Amino acid sequence: MGLSRLAALHGVATSYSPSPGVTVSVPDDTVIAVLAALGVDAGTPADVGKSLAAAESRSRLLPPTVVVWAGEPLPSVLTGLPSGSTLTVEPEHAEGTAPAPGRTPAPLSMRVRAAGPARTPDAIPPTTPDAIPPTTPGDAPPAPLPAWWTEPPHGVHRLQVLTPDHHRATATLIAAPARLPRPPERTHGFLVQLYSLLSARSWGMGDLGDLADLAAWSGRTLGAGFVQVNPLHAAVPGAPTDPSPYRPSSRRFPDPVHLHVESVPEYGHVRDREVLDDLHQDAAALSEAVLNKGALIDRDAVWELKRQALELVHRVPLTPGRRADYCDFLAEQGQALEDHALWCALAEVHGPDWHAWPAPLRDPRSAGTARARAELLDRVDFHCRLAWLTAGQLAAAQRAAEDAGMSVGIVHDLAVGVHPSGADTWAQQDAFARGMSVGAPPDAFNARGQDWGLPPWRPDVLAATGYAAYRGLLRGLLARAGALRVDHVMGLFRLWWVPEGRPPTEGAYVAQDAEAMLAVLVLEAHRAGAVVVGEDLGTVEPGVREALARRGVLGTSVLWFERDWDGDGRPLAPRTWRQDCLATATTHDLPSTAARLTGDHVSLRHRLGLLTRPLEEELTEDATDTAEWLALLARLRMLPEGDGDEEAAVRAVHRFLLSTPARMVGVWLPDTVGDRRPQNLPGTWDQYPNWRLPIADAEGHPVTLEEIAASPRLHGLMEVLTPRKGHTAPPGERRL
């Protein structure tokens with residue numbers, strides 16, 4: 001009983017429900033391990049008693065972080081303070097801009113006067129925290145709240161409370177808009193894994209030049225409103241590098257492997273042209289091998305060529321204007337960039353796992369690390385320069401999208417976590433829970449559960465620091481994006497923690513402060529004018545989708561999963577789909593539409609030994625599922641070509657998506673050319689070339705961006721979304 005109470009006080013769940021009506025208890029050993037990762041000793045019954053007594057005796061006037069939503073009542077943590085308490089706020093400068101030189105925002109105060117449950121703050125003139133007048137029984141009646149408190153300026157402010165008996169408390173005050181921006185209009189766009197999109201000029205994998213070109217072409221020619229890409233976060237270098245974009249070294253900074261080298265302004269001024277020409281020829285050979293010789297995308301080989309070219313580029317002096325822009329970038333990014341660049345420089349010398357570095361270097365603030373920084377100053381500058389160049393090309397891609405008329409632009413992807421040995425965990429060690437990994441519990445789709453190998457942030461440390469790391473991460477991503485996709489958005493509410501050495505079946509849910517996590521997300525997206533899409537597929541606890549929708553976070557709806565699970569299990573009619581979502585036929589973790597329609601994905605999983613039932617049973621179930629959807633499409637007269645035409649069926653699936661009220665409709669770019677291979681096959685590692693396949697046609701032959709743009713199959717599919725003038729839509733089809 002004591003352990004359960006202690007766990008509850010720290011947001012650790014002692015049971016979970018893998019399916020309706022089923023409750024599974026979390027092993028005590030797991031609860032003890034998770035509490036230890038949160039700094040709570042529960043190793044013995046005596047330890048539990050001491051920790052419980054300490055937690056229950058600890059009283060706070062304020063939690064570390066307080067959230068205020070625009071246009072909504074002040075939270076009870078403010079109105080429920082002792083009568084006569086005074087709250088003083090040091091406001092953040094407006095909307096993230098720096099205050100005028102020599103000026104700081106004046107503190108603003110209010111006084112709580114109440115007796116009983118209905119407590120009302122009074123207005124008092126702005127003052128300093130040390131000059132707050134006492135409250136006496138003869139004070140005037142409560143005055144209306146001043147404008148600042150009824151509609152606080154959006155930002156992250158500093159809040160202080162002084163009670164009548166002179167107790168003080170401070171907290172971070174997050175004042176957020178009530179909702180996120182919505183897409184300016186109903187729109188459609190492409191979903192693509194950028195590395196898989198090679199153009200004729202690529203150096204062996206897709207790059208930011210290709211992204212800008214895809215946006216410009218699809219926006220101008222096809223009326224697309226967005227392009228969604230995989231996470232472009234910095235990867236952990238290695239031999240080989242982990243190819244998964246969802247297990248990065250850092251989520252704060254992009255990976256320079258995505259640079260289009262020739263677009264760097266200094267590239268044209270490199271003196272050693274012969275070396276550059278040789279590198280360019282080697283890069284062309286890499287692309288030729290991928291496109292025409294069956295080779296997989298080799299990220300390490302690509303980076304080796306680009307690194308050599310960028311080393312030459314780094315020797316070219318910056319022009320005064322470029323130098324000024326670079327210095328502004330360094331000042332804007334501050335300590336976070338310096339830490340990231342230093343980790344990259346140290347990894348070149350000592351390897352990519354900082355846990356194995358010499359002891360002094362494992363601490364980013366040690367004297368030994370400071371000496372190493374001085375010794376590696378040129379390499380630190382090189383990696384800072386790469387971050388600047390990559391950020392510039394990300395911004396250029398978004399400008400290309402906007403110039404092409406896209407209403408949203410580039411949709412970047414935020415991975416759910418980072419690699420345990422990467423730059424973020426080194427620089428922010430106190431913020432991560434040691435010995436823990438996030439994943440998913442057993443459910444109807446995966447009886448073994450999942451362990452993603454990603455250490456979680458500690459909710460208590462995030463709150464104590466005003467969510468500074470989270471705010472910086474979001475601000476960096478949103479600065480050059482039209483929208484942000486949040487992978488496993490349910491993680492804003494809770495995450496499944498798996499103790500090191502235990503199977504994912506023996507994990508436990510740990511709660512986040514969802515109000516604070518959402519408020520920071522809404523605030524930063526509002527500042528950037530960006531849309532947010534949450535990946536809310538799979539098991540979602542009750543109330544999460546409603547909370548996200550209330551704040552304007554769009555969900556993700558995948559056609560094959562949209563069934564009446566609480567009723568007869570049949571496919572949902574298009575009019576019953578939710579409006580606030582990105583609707584798609586598939587994702588990077590699922591079969592392509594052609595593979596789904598033909599059953600090829602079942603055969604693939606059978607060849608790799610991933611099926612848990614006999615092949616014939618799996619094929620029969622899959623065929624039944626597909627037949628139900630095709631029958632619905634036929635009833636809705638969205639498949640006029642009839643059965644047996646694969647391309648027509650793919651078009652019909654997208655007609656169906658258009659007939660839903662979804663605000664955004666996403667087209668998986670490989671679907672436009674009939675690609676049958678998934679980019680990632682969950683449950684595999686070296687059995688399948690995850691994250692290393694170029695986009696290919698129906699016969700499995702890789703195709704370039706230029707070939708995709710000229711594909712008759714693509715244009716036939718896009719006729720569904722953007723018909724030519726005079727074209728008559730099939731009955732039941734809606735237009736964007």
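Here the structure is a predicted model, which is why all the values come from computation and not from measurement.

1. Thoughts on the confidence of the model for the protein chain
Overall, the prediction assigns the protein chain a mean pLDDT of 90, with 90% of residues at 70 or greater. Confidence drops under pLDDT 50 across residues 114-144; counting only partners more than four residues distant or on other chains, this segment forms 55 contacts. Low pLDDT, under 50, characterises residues 725-735; the stretch is placed with 22 contacts to residues that sit more than four places away or in other chains.

2. A closer look at the sheet that holds strand β18 (residues 508-511)
In space, the four strands of this open sheet follow the order β15-β14-β17-β18, with antiparallel pairing throughout. The sheet is open, and its two borders are formed by β15 (450-454) and β18, each paired with just one other strand. Taking the axes of each pair of neighbouring strands and ignoring which way they run, one obtains an average angle of 50° across the sheet. In this sheet, β18 lies alongside strand β17 (residues 494-499) in antiparallel orientation, the contact comprising four bridges. From the neighbouring strand, L495 faces β18, where its bridge partner is V510. Along the sheet face, helix α2 (residues 28-37) touches β14 (436-440), β17 and β18 and points at about 105° away from the line of β17.

3. Quick look at empty space enclosed by the protein
In this structure the tally under the stated criterion is five cavities of 30 Å³ or more. In this model, the largest cavity occupies a volume close to 270 Å³. Around the largest cavity sit 24 residues that line it, and R251, V416, W457, L495 and M517 are the ones nearest its centre. Every element with two or more residues in the lining of the largest cavity is listed here: α14 (468-478) and α15 (514-528). With three residues, the single largest contributor to the lining of the largest cavity is α14. Of the residues belonging to the lining of the largest cavity, the class tally is 18 nonpolar, four polar and two charged. Taken together, 15 residues form the lining of the second largest cavity, with R252, P254, L394, G476 and L477 sitting closest to its centre. Breaking the lining of the second largest cavity down by element, the ones donating at least two residues are β12 (250-254), α9 (320-350), α11 (377-403), β13 (409-414) and α14. It is β12 that contributes the most residues to the lining of the second largest cavity, four residues altogether.

4. Regarding the packing of helix α8 (residues 299-314) against α11
Axes are the key here: two packed helices are described by the angle between their axes and the distance separating the axes. Contact pair α8 / α11: the axes reach a minimum separation of 11 Å and the direction vectors enclose 105°. When the interaxial angle is binned, α8 and α11 end up roughly perpendicular. In this structure, α8 contributes W303, R307, L310, E311 and H314 to the contact, and α11 contributes D378, R379, D381, F382, R385, L386 and L389.

5. Here we look at the pairing of strand β22 (residues 664-668)
With respect to burial, β22 is a largely interior element, five of its five residues being buried. Pairing analysis gives five bridges linking strand β9 (residues 187-192) to β22, with the strands arranged parallel. Bridge pairing in β22 links G189 to G666. Bridge analysis of strand β21 (residues 581-584) against β22 gives three bridges, and the strand direction is parallel. The residue bridging L582 from the neighbouring strand is M664, located in β22.

6. Let's talk about unusual backbone geometry
Here the bond from A239 into P240 is cis, since omega is 0°, no more than 30 degrees from zero. Examined against the element boundaries, P240 turns out to sit in the loop between β11 (233-234) and β12. Phi at W691 is positive, roughly 65°, even though this residue is not glycine. Mapped onto the elements of the fold, W691 is located in the loop between β22 and α21 (705-709). The class of W691 is buried, set by a relative accessible area of 9%.

7. Remarks on the packing of aromatic side chains
Applying the stated rule across the entire model yields 12 aromatic pairs. Ring centres of Y16 and W496 lie 4.8 Å apart, and the angle between their planes is 75°; on these two criteria the pair is classed as edge-to-face. With Y16 in strand β1 (residues 15-19) and W496 in strand β17, this residue pair connects regions lying 480 residues apart in the sequence. Both residues of the pair, Y16 and W496, count as buried. Judged by centre distance (5.6 Å) and plane angle (45°), the ring pair of Y246 and W691 falls under tilted. Of this pair, Y246 sits in the loop between β11 and β12 while W691 sits in the loop between β22 and α21, placing them 445 residues apart in sequence. There is no split in this pair, since Y246 and W691 are both buried. Counting every residue linked through ring pairs, the aromatic cluster contains W560, W577, W629 and F656. The side chain of R494 reaches across the aromatic face of Y509, ending 3.6 Å from its centre. The ring of W69 carries the charged tip of R551 above its face, separated from the ring centre by 3.6 Å.

What counts and how
Residues numbered from 1 in each chain as written. Predicted model: local features only at pLDDT ≥ 70, side-chain atom pairs only at ≥ 80, totals over all residues. Heavy atoms only, no water. pLDDT = per-residue confidence, 0-100. Contact = heavy atoms within 4.5 Å. Pairing = 2+ DSSP bridges. Helix = DSSP H or I, 4+ residues; strand = E, 2+ residues; numbered from the N terminus. Axes fitted to C-alpha atoms, helices over the stretch in contact; angles between N-to-C directions. 1 Å grid on protein atoms, 1.4 Å probe; cavity = no way out; pocket = protein on both sides within 12 Å on 5 of 7 lines; lining within 4 Å. Points joined across faces, edges and corners; volume = space filled by probe spheres on them. Nonpolar A, V, L, I, M, F, W, Y, C, P; charged D, E, K, R; others polar. Parallel < 35°, antiparallel > 145°, perpendicular 65-115°, else oblique. Buried < 20%, exposed > 50% of the residue type's maximum accessible area, 1.4 Å probe, protein only. Phe/Tyr/Trp six-rings, centres within 6.5 Å; stacked < 30°, edge-to-face > 60°. Lys NZ or Arg CZ within 6 Å of the ring centre and 35° of its normal.

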